[in-house]
Amino acid sequence: MHALANSLKKAEKDLLREAEPKRMASLDEDGLIELHKRIRRARNKFAGSYRRQGSAKVGKKGGRGLAKEKNSRNAGRAEVFEDALARVSAQLAVVAAASAEQLKADRLAATNPPGDWPGEQGAGEAGGDLKAASKVTDRTPKGPGRGKRNASSRAEGARLAKRDNR
């Protein structure tokens, strides 16, 4: 843990300990989201305190540089929680990606049960189903613009034929 972590309260130290990689490894996605929220809240608390106290001291000290010296502890605390937040965010990204892949695989498995594709085992009792399944159907888009596109293509062909016959 960072040296400035010694100036934290017990609850804040415990929160930082929860962000250690060994402890985060046992958390699921929901647990990591909750930890992320709590660490972000603590980081925002110290960052806001740093900004407020720093801006209040600028007038008294005569400049931002002089005011920063007296406010370095809050900046350090905010930095400690920023590092912890980065660790939790990275772990959350890994777990969320794995969860998304698992969900995708589950959905695909649910929509494509085995035996639905031609040529797979159990696709049909006799070979007649394979012939029917492999028959090519008209896959051109259907809709109100289809007739217009077909007419346009025929007209273009007619124009080209007329020009070629000259």
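What counts and how
- Residues numbered from 1 in each chain as written.
- Predicted model: local features only at pLDDT ≥ 70, side-chain atom pairs only at ≥ 80, totals over all residues.
- Heavy atoms only, no water.
- Salt bridge = Lys/Arg side-chain N within 4 Å of Asp/Glu carboxyl O.
- Helix = DSSP H or I, 4+ residues; strand = E, 2+ residues; numbered from the N terminus.
- Buried < 20%, exposed > 50% of the residue type's maximum accessible area, 1.4 Å probe, protein only.
- Axes fitted to C-alpha atoms, helices over the stretch in contact; angles between N-to-C directions.
- Parallel < 35°, antiparallel > 145°, perpendicular 65-115°, else oblique.
- Left-handed = near helix turned anticlockwise from the far one by under 90°.
- Contact = heavy atoms within 4.5 Å.
- Nonpolar A, V, L, I, M, F, W, Y, C, P; charged D, E, K, R; others polar.

Draft legend 1. Quick peek at the pattern of salt bridges. Taken as a whole and judged by the stated rule, the model has six salt bridges. Glu12 serves as the salt-bridge partner of Lys45, at 3.2 Å between the closest nitrogen and oxygen. Within this pair, whereas Lys45 is found in helix α3 (residues 29–61), its partner Glu12 is found in helix α1 (residues 10–18), the two being separated by 33 residues in sequence. Residue Lys45 is classed as partly exposed on the basis of its relative accessible area of 45%. Here Arg17 makes a salt bridge to Asp14, at a shortest N to O gap of 2.8 Å. With Arg17 and Asp14 both in helix α1 and three residues apart, the pair spans about one turn of that helix.

Draft legend 2. Geometry of the packing of α1 against helix α5 (residues 72–111). For the pair α1 and α5, interaxial distance at closest approach is 9 Å and the crossing angle is 30°. Overall, the two elements α1 and α5 adopt an arrangement that is roughly parallel. When you trace α1 past α5, the crossing you get is left-handed. In this structure, α1 uses Glu12, Leu15 and Leu16 to contact α5, whose residues at the interface are Val80, Phe81, Ala84 and Arg87. Counted by class, the contact of α1 with α5 contains five nonpolar, no polar and two charged residues.

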